Amino acid sequence: MKYVTFYDQNGQLRTGAVTERGVADVSEVYSMHDIIAGGAGVRAEVEAYAAQAGVVLDESELNYGPCVPQPQKIICVGLNYRKHAEETNAPIPQYPILFNKFNNTLTGHGHDVTLPRVSDQVDYEAELVIVIGKAAKDVSKEEALDYVFGYCCVNDLSARDLQMRTQQWLLGKSCDGFSPLGPYLVTADEVGNPNELDIKCIVNGETRQHSNTSDMIFHCDEIVSYISRHMTLVPGDIILTGTPEGVVLGLPEDKRVYLQDGDLVTIEIEKLGSLTNRMAAEY
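Conventions and cut-offs
Residues numbered from 1 in each chain as written. Predicted model: local features only at pLDDT ≥ 70, side-chain atom pairs only at ≥ 80, totals over all residues. Heavy atoms only, no water. Pairing = 2+ DSSP bridges. Helix = DSSP H or I, 4+ residues; strand = E, 2+ residues; numbered from the N terminus. Axes fitted to C-alpha atoms, helices over the stretch in contact; angles between N-to-C directions. Buried < 20%, exposed > 50% of the residue type's maximum accessible area, 1.4 Å probe, protein only. Contact = heavy atoms within 4.5 Å. UniProt positions renumbered as here; feature names shortened; annotations may be inferred. Core = buried A, V, L, I, M, F, W, Y, C linked by side-chain atoms within 4.5 Å.

### Some details on the sheet that holds strand β16 (residues 264–269)
- Strand order in the open sheet formed by 5 strands is β7-β17-β16-β13-β14, and the pairing between neighbours is mixed. The outermost strands of the open sheet, each flanked by one partner alone, are β7 (113–115) and β14 (206–212). Within this sheet the neighbouring strands show an average axis-to-axis angle of 20 degrees, counted without direction.
- Bridge count between β7 and strand β17 (residues 273–281): 3 bridges; the pairing is parallel. Within the sheet, the bridge partner assigned to Thr114 lies in β17 and is Ala280.

### A look at helix α7 (residues 220–228)
- The element α7 is extensively covered by neighbouring structure, given that 8 of its 9 residues are classed as buried.
- Within the span of α7, buried status applies to Cys220, Asp221, Ile223, Val224, Ser225, Tyr226, Ile227 and Ser228.
- Buried positions along α7 lie against β4 (74–78), β5 (97–101), β9 (126–132), β10 (148–155) and β15 (238–240).

### Topic: the pairing of β14
- Sheet analysis places strand β13 (residues 198–203) next to β14, joined by 6 bridges and oriented antiparallel. Its bridge partner lying in β14, Val203 is registered against Glu206.
- Counted along the chain from β13 to the antiparallel partner β14, the turn is 2 residues long, and its residue Asn204 has a positive phi close to 50 degrees.

### A look at the side chain of Ser174
- The residue Ser174 is located in the loop between α5 (170–173) and β12 (179–187) in this model.
- Judged by relative accessible area, Ser174 falls into the buried class, the value being 12%.

### Some words on the environment of Leu79
- Checked against the element boundaries, Leu79 lands in the loop between β4 and α3 (82–87).
- Look at Leu79 and you get buried, because its relative accessible area is 16%.
- Between the alpha carbons of Leu79 and Gly262 there is a distance of 28 Å; along the sequence they are 183 residues apart.
- With residues up to four places along the chain from it excluded, the contact list for Leu79 reads His84, Ala85, Thr88, Ala90, Pro93, Ile97, Trp169 and Ile217.

### Remarks on the UniProt feature "domain: Fumarylacetoacetase-like C-terminal" (unreviewed entry) in the chain
- With numbering aligned to this structure, UniProt lists the feature "domain: Fumarylacetoacetase-like C-terminal" (unreviewed entry) at residues 73–279.
- In residues 73–279, helix accounts for 13% and strand for 35%; the two terminal C-alpha atoms are 25 Å from one another.

### Some remarks on the nonpolar core
- In this structure, Val224, Ile239 and Leu259 are the most contacted members of the largest nonpolar core, which totals 56 residues.
- Listed in part, the 28 residues of the second largest apolar core include Tyr30, Phe99, Leu106 and Val129.

Pasting the structure below:
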């Protein structure tokens, strides 16, 4: 099933289940965290509730929020596509390169993302997100995907000048709105193998990134298992799994044109839908 969050007319965040008839607001009974952490029983209850909903909403009229609104942890994997590592002349990592972002970076499909005054090198990064569904500590690779609730799209926006200022990448990754997330959170059973998904980034109608998650150096099961050996993952934690080749940083210096005011950036991942945001200069 697909789930969304959206803002009502009072600015309150609501949770919706996507049905063939439209989006059923299930917020009176279930929050998104309830659904993610509740297991198969709660999912079945939500599906039954949504199927009987008397009123459904038109997706095109929703004011979307981030599909996972309050993750305890936002963990990112750097240089996790082989061709992306090659285009940036980086060595193939022996272990997953981990860093983190914060909740201030979250925003929803359709919202403007501010290009901060402190940077003129903001880059796009299409990425698959893993959403954890139950507590995972020291799990094996073979069992790792059993702990996944579902998947979604993210644009891991990166201010390259800030990112490369020091050896720590955090500053360039954590500006406000730098993790548009959604529009859908899709359950794992609908996605199937997460390492066989077509992935794209489209800027102003031009495809800039087009790859497949099969090019990951560390696949989704390896990532979940590796992280869980070092820290406990809990329901609602999200893991950004890295970006494929085609980012601005991978171009020769004289051909790099970073994101500009008014640019429309769309992230498309097979089975997960399309996430679109407009870039807006900070005045």
